[in-house]
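What follows is the residue order along each chain.
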Amino acid sequence: MARPPRNPRDTATSKGKFTRRGLILGGMQAGFMGLLALRMRYMQVDQADQFRLLAEENRINIRLIPPARGEIFDRMGVPIASNEPAYRITIVREDAGDVDEVIARLKELVPLDPAELERALAEMKRSAPFLPITLADRVTWEDVSKVAVNAPALPGITPEVGLSRSYPLKEDFAHVVGYVGPVSDYDLERIEDPDQLLRIPRFQIGKVGLESKMEDQLRGKAGARRVEVNAVGRVMRELSRREGEAGANLQLSIDHRLQNYILARLGNESAAAVVVDCKTGDLLGIGSAPAFDPNLFVRGISVADYRTLTENDHRPLASKTVQGTYPPGSTFKMVVGLAGLESGEIGPESTFYCPGHLDVSGRRFHCWKRGGHGHLNLEGALRESCDVYFYELAMRIGIEKISDMANRLGLGVRHDLPMSAVAQGLMPTKAWKREVRGEEWRIGDSVNASIGQGYVLASPMQLALMTARIASGKSLEPRLIKSINGVEQPVLGDVPLGINENHLRLVRKGMYAVSNDRRGTGYGSRIISETIRLAGKSGTSQVRNITAAERRAGVTSNADLPWNRRDHALFVNFAPFNDPKVAVAVVVEHGGGGSSVAAPIARDVAMQALFEGDPPLDIYPAKDREKISAQQERLREMRPPEITERKSRA
Amino acid sequence: MSYLEYTVKTVPSGLRKIFYVNWPLALLLTAVASVGFLMLYSVAGGSFNPWAEPQMKRFALGMVAMFVIGMVPIWFWRNLSGVAYAGTLVLLIFVEFFGTVGMGAQRWIDIGFMRLQPSELMKIALVMLLAAYYDWLPTRKVSHPLWVLVPVLMILVPTYLVLKQPDLGTAVLLMAGGGAVMFLAGVHWGYFAVVIGAAIGLVATVFQSRGTSWQLIKDYQFRRIDTFLDPSNDPLGAGYHITQSKIALGSGGWAGRGYMQGTQSRLNFLPEKHTDFIFTTLAEEFGFVGGASLLILYALILLFCISSAMANKDRYSSLLIFGVTTTFFLFFAVNMSMVMGLAPVVGVPLPLVSYGGSAMIVLLAAFGLVQSAHIHRPR
C-alpha cells in the first residue's frame, strides 16, 4: 500500500483533529465507566440488603419431612395397622456412569419388573442426573442385602428405606380400618386448603374406613429441614432440622381374636356379625364377610384382583355391618312389644288369639305358622315368634309409638362411628311416608312393620346395639376407638334408657324363652351352663314373596330358590342372661331361616366373646358337643397361627 | 516506505527494544488477567481445574505472542493489514459453511490446541485495515462521500457475516469499533449523526418486523430484549440470567462475602459463571470494592493506551492503538452493562478475565500491535 507523499500541513491538521476527537472519545469512555461505577454502587451499596435477601431465598429451600402415620391397635395392643419399612432400590444416574451396564448387573441379583424398569428409564431421561430414581419398589430384605453386599459393583445404586402402611391382620379389619393409598388429584380437589404434606408424591392418606375418617389425627404434622440447594435443586447441605409430629396412635375397642373368629365363623357366607359390650357399648367385634386384603390396595391393586372383588356377588368390598341395611324381621318384635308395654296397651298377661292369619282391610296377613298359635301372651309371642300377636298390637298402638321406641333403642338413628358409609337405617313414620312416598300411611303398613318387614331397615350394628340396650337398660352408644394416644375415650350413653325396668324384664324373659324353652325358636342353639344363659331372638326377613306361580311349580321353601332370592337369616342375642356382658347380632344374607342358620353363629360368637377364646364344650347340650368340637377344631386350623398363639398367651 | 518521512534512526533496534516496551501496560494486563485466574479458581470451588490452569497457560501463550508481535516493526504490520483483513474475511465465510456451531451462536474452527473464532480476529483485522486505509487516504478526502463509503463497506461486510452466525454482540462490537476509528480519522460529524439516526430507525423497524414474515432477528433475540426490558417477565426462563446476575452482584454489598464465599456462584445459580458472567462472582465475593478496583485497572489500561496513541506521531499507529483500545473498552463496557442489567444479554466476555481461549489470545495479540506501535513510534 503505497501512500502518496503527504502534505506536512495536512498532517498537522489531521493530528490536531485526532487529538480533539481522541479526547472526546476518551472522555465518553471515561464517562461511561463512571456510569458503570455509579450503577455498581447503587446495586451493591444502596440496594445490597434487598439483593442479599433475594440471594438467601435462592439458596435456602424448605423440605418437608413426612411424619410417621399413627398406628392402630386392637384392645389388647396388637397392631392392626402399622408402618413397616418399605425397601426400594434407587439409582442415581450421574453416580452410575454406564447405566445400562449397572442395571444389567443388578438384574442378575434382583428380579426387576420389566414394566417398572421401563418406567424408571423414562423417568431418568426426564429428571436431573443427581435425583434418585426408583428401580424396584417393595423389595424384600433379602434382595436389599444382596444389593448392599454387592455395592462396589453397583455404583449409583442405593437401597432406600421408607415407611409404608401394612395391615398384618389382613382381611380381619378390612372394613373397619379401611386402607391408605397415594394422594390422588381427586383427593386434592376435594380438600380445601390441603396440607403441604399432600403435595409429596405418593404420600399415603386414608382412603376408606377408619384410616379415612381419622385421617386428621393419624396423619401427624410435617417436619421440615432447611437445606442449602444449588440452582438445579441439588441439596448441598442441611442447615437445620425440625422433626415432625407423628400421628396419633389409636386403640380400638375390638378384640382381634374375636374379630378373627367372626370372620372365620362367617366363612363363605355373605354375612355380618357385631358384638357389643353391654356395659360400655364397646364394639368388641364387627365383621363383614367376605372381606378383602387391604394390603392389596396400599400397593395399588391389580385390575384383575379388583375385578374379582367387584364381580363377586357376595360383595366383599361392602361393609355390611354398618353400611348394609336389612329388614330386621322378627328381631324387631322386641321393639313392638316394648312399645306396647310402655303405651299401656298390653300387660304381661294380655293375650291375643292367633288363628294363623289376620285380615286387615280386605288383605290377609299370615302368621309364619299356618295353623296358628292360639292364645298367647307377650312372652309366648316372642318365644314362638307369633306374627299375629304383633299385627294385633301394632294396629292398636300405631306406627308412631313403634318408631319412637325403635329410635330409643338405636334403630333408624345415625350413630357416630368412624367407619365408612355408616347407614342410618329406616324407621318409617306417617310423616316420612307422606314426604318421601307421597302416600298416606295405611294400616297394612303398620302390620308389615310390626314384624320388621315393609319399610323397616336396620344395620347389623344397630341390631346389636338394640339388643345391648334391651339387655342393659342403658342408652349405650357404640364405641370403636378406645383410646387416642393412650387417652381413654369417653363411654357414651351410660344412662338409663328411660324404659320401665319391668317392661324390659318382660321382653328379656321372652328372649330367654326363645333360647331356653323347648318351644323357643332358638332352642336348637341353646347353652346349658347354669351361669351362662343365652337370650335371643331369631328373624327371617323376606327378600321377596314366593309367588303363586312358583308355589304351583313346587317351590315351597327357601332352599328351592336361587341364592339371591332366599330370605335373610337374622339372630340377635345377649349373654349371660343374669348379668348381660355381650350382645350379638348376626345377619346372613340369603341364609334362609334365622333360627337354623343365624342362631348357631350368634351363639358361637357370643360364647367366643364371653370366654375370650374357644368356650368349654360342657356348656353345649350333650348331643351338640361332638359337632361343636369338630367345628372348633376346623376354625382353629383356618386361623393364622400367630393369632392362636397370641390367644394362648392371653 | 513512507514511514521514512519520519526519522527512523531513533527507533530502537535489537534487544534494546525490551527497554522501550510499554511496561506499565504489560503489567496492567497481567494484573487484570490475574484477577481472572483468582475468580476462575474460586468458581471451580477452589481448584485450578477445569478453568484457572488452562487460562493461565493461554495467558502465557498470549503474552509471548504479544511480545513477539511487539518486537516486529509496526510498518510490517501496517503493510499486512489488507492481507489480515482479507484472510479473516475468508475464514469468516469459511466458517459460515464449515464451522462448528456451539452454544447456538458463535461459529468456530477447531485448530487443534484451541478453537479459533474468526469473528474475534475480525475485530482486530478491521481496526488494522481501517487504520491503514486512513493512513493512506489524504486527509482532505476523508469526509468525501465516496471515500466514506469504502470503509463503511469494510465494516458492513464482516458485520453482516457475524450477524448471520448469529452473534449480535460481536456485530455490535465490530460496528462500534470500526465507527470509532472512522470518527478518530476525522470523518465529518454529519455522517455519524445520520448513522445514529438510521440506527434508531432500524431498531424501530426491527421491532415492527416482529411476528411478520420478514422478521429481521430471531425470536430468541427478541425474547432477550424483552427480558432485558423487564426481567421479572420470565424469572426462570430467559430472564433468569439477568435476575440471577443482579442478585449475585447486589448481594455482594460493600466489601463482598469474601473470597470463595459467594453462595450464588458456588451454588450454580449464576449462568455461565466462568465466562460471560464472571464479573458477578467478583462482585459477589469482593463487593463494590473489588468491582470498582477492576474498573480502575481497566481505566488505567485505557489511560496508558490512549496517552500512547496521542503521543504517537504516526497516523497508522495512533489510529490502530486507539482502535484496539476502543474495542477493548467496548468489550468490558458491554459485558459489565449486561451483568448489571443495563444492556441485554448479548454474549460478550469480560476481556482477559472470562474463561475463553481465542478471545484472550486475540486480545493479547492486539496489544502486541499496540506495543509494536509504541516501541517503533517515530521520535
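What you see is a predicted model, and the numbers here were worked out from it, not measured in a lab.

Reading guide: rules and limits
- Residues numbered from 1 in each chain as written.
- Chains lettered and ligands numbered in written order.
- Predicted model: local features only at pLDDT ≥ 70, side-chain atom pairs only at ≥ 80, totals over all residues.
- Heavy atoms only, no water.
- Helix = DSSP H or I, 4+ residues; strand = E, 2+ residues; numbered from the N terminus.
- Buried < 20%, exposed > 50% of the residue type's maximum accessible area, 1.4 Å probe, protein only.
- Contact = heavy atoms within 4.5 Å.
- Areas by Shrake-Rupley, 256 points an atom, 1.4 Å probe, with all protein chains shown as cover.
- Buried area = accessible area lost by both parts, 1.4 Å probe.
- Polar contact = N/O pair within 3.5 Å; in protein donor to acceptor, adjacent residues only side chain to side chain.
- Nonpolar A, V, L, I, M, F, W, Y, C, P; charged D, E, K, R; others polar.
- Axes fitted to C-alpha atoms, helices over the stretch in contact; angles between N-to-C directions.
- Parallel < 35°, antiparallel > 145°, perpendicular 65-115°, else oblique.
- Left-handed = near helix turned anticlockwise from the far one by under 90°.
- Arc of directions from axis to C-beta.

Visitor: Which parts of the structure should I look at to understand the overall build of chain B?
Guide: Counting secondary structure elements, chain B contains 14 helices and three strands. Counting all 379 residues of chain B, 57% fall into the buried class. The contacts of chain B with a sequence gap of at least 6 include a subset with a gap of at least 24, amounting to 72%. For chain B, the exposed area adds up to about 14900 Å²; of that, 71% sits on carbon and sulfur atoms.

Visitor: It is not clear to me how the interface of chain B and chain A should be interpreted in this structure. Could you clarify?
Guide: It is common to give the size of an interface as the accessible area lost on bringing the parts into contact. At the junction of the two partners, chain B supplies 65 residues and chain A supplies 41 residues. Of the roughly 4700 Å² buried between chain B and chain A on both sides combined, carbon and sulfur atoms contribute 65%. The tally of links from chain B across to chain A stands at nine residue pairs in polar contact (both at pLDDT 80 or more). No other element matches helix H12 (residues 278–311) of chain B, which puts 13 residues into the side of chain B that touches chain A. In terms of residue class, the side of chain B that touches chain A is made up of 36 nonpolar, 21 polar and eight charged.

Visitor: Quick question: what am I supposed to make of the packing of helix H4 (residues 99–109) of chain A against helix H5 (residues 114–126) of chain A here?
Guide: Between two packed helices, both the angle of their axes relative to each other and the distance between the axes serve to describe the pair. All names here are of chain A. Taken N-terminus to C-terminus, the directions of H4 and H5 make an angle of 155°; their axes are 13 Å apart at the nearest point. With respect to H5, the element H4 is oriented roughly antiparallel. In this structure, the crossing between H4 and H5 has a hand that is right-handed. On H5, the residues that touch Val99, Ile103 and Lys107 of H4 are Leu117, Leu121 and Met124.

Visitor: In this structure, what is going on with the packing of helix H11 (residues 256–266) of chain A against helix H24 (residues 625–638) of chain A? I would like to understand it.
Guide: All names here are of chain A. Packing of H11 against H24 leaves a shortest axis separation of 10 Å and a crossing angle of 110°. Relative to H24, the element H11 lies roughly perpendicular. The chirality of how H11 crosses H24 is right-handed. Contact with H11, carried on its side by Tyr261, Ala264 and Arg265, involves Gln631, Leu635 and Met638 of H24 and no other residues of that element. When the residues that make up the contact of H11 with H24 are grouped by side-chain class, the tally is four nonpolar, one polar and one charged.

Visitor: Sorry if this is basic, but what is going on with helix H6 (residues 141–149) of chain A here?
Guide: Structurally, the α-helix is built with 3.6 residues per turn, so residues lying three or four positions apart point the same way. All names here are of chain A. Every buried residue of H6 is accounted for by Asp143, Val144 and Val147. One side of H6 holds all its buried residues, which, seen down the axis, span an arc of 100°. Among the exposed residues of H6, those pointing more than 90 degrees away from its buried face are Trp141, Glu142 and Val149. Along its buried surface, H6 packs onto strand S3 (79–92), H4, strand S4 (132–139) and strand S5 (157–166).

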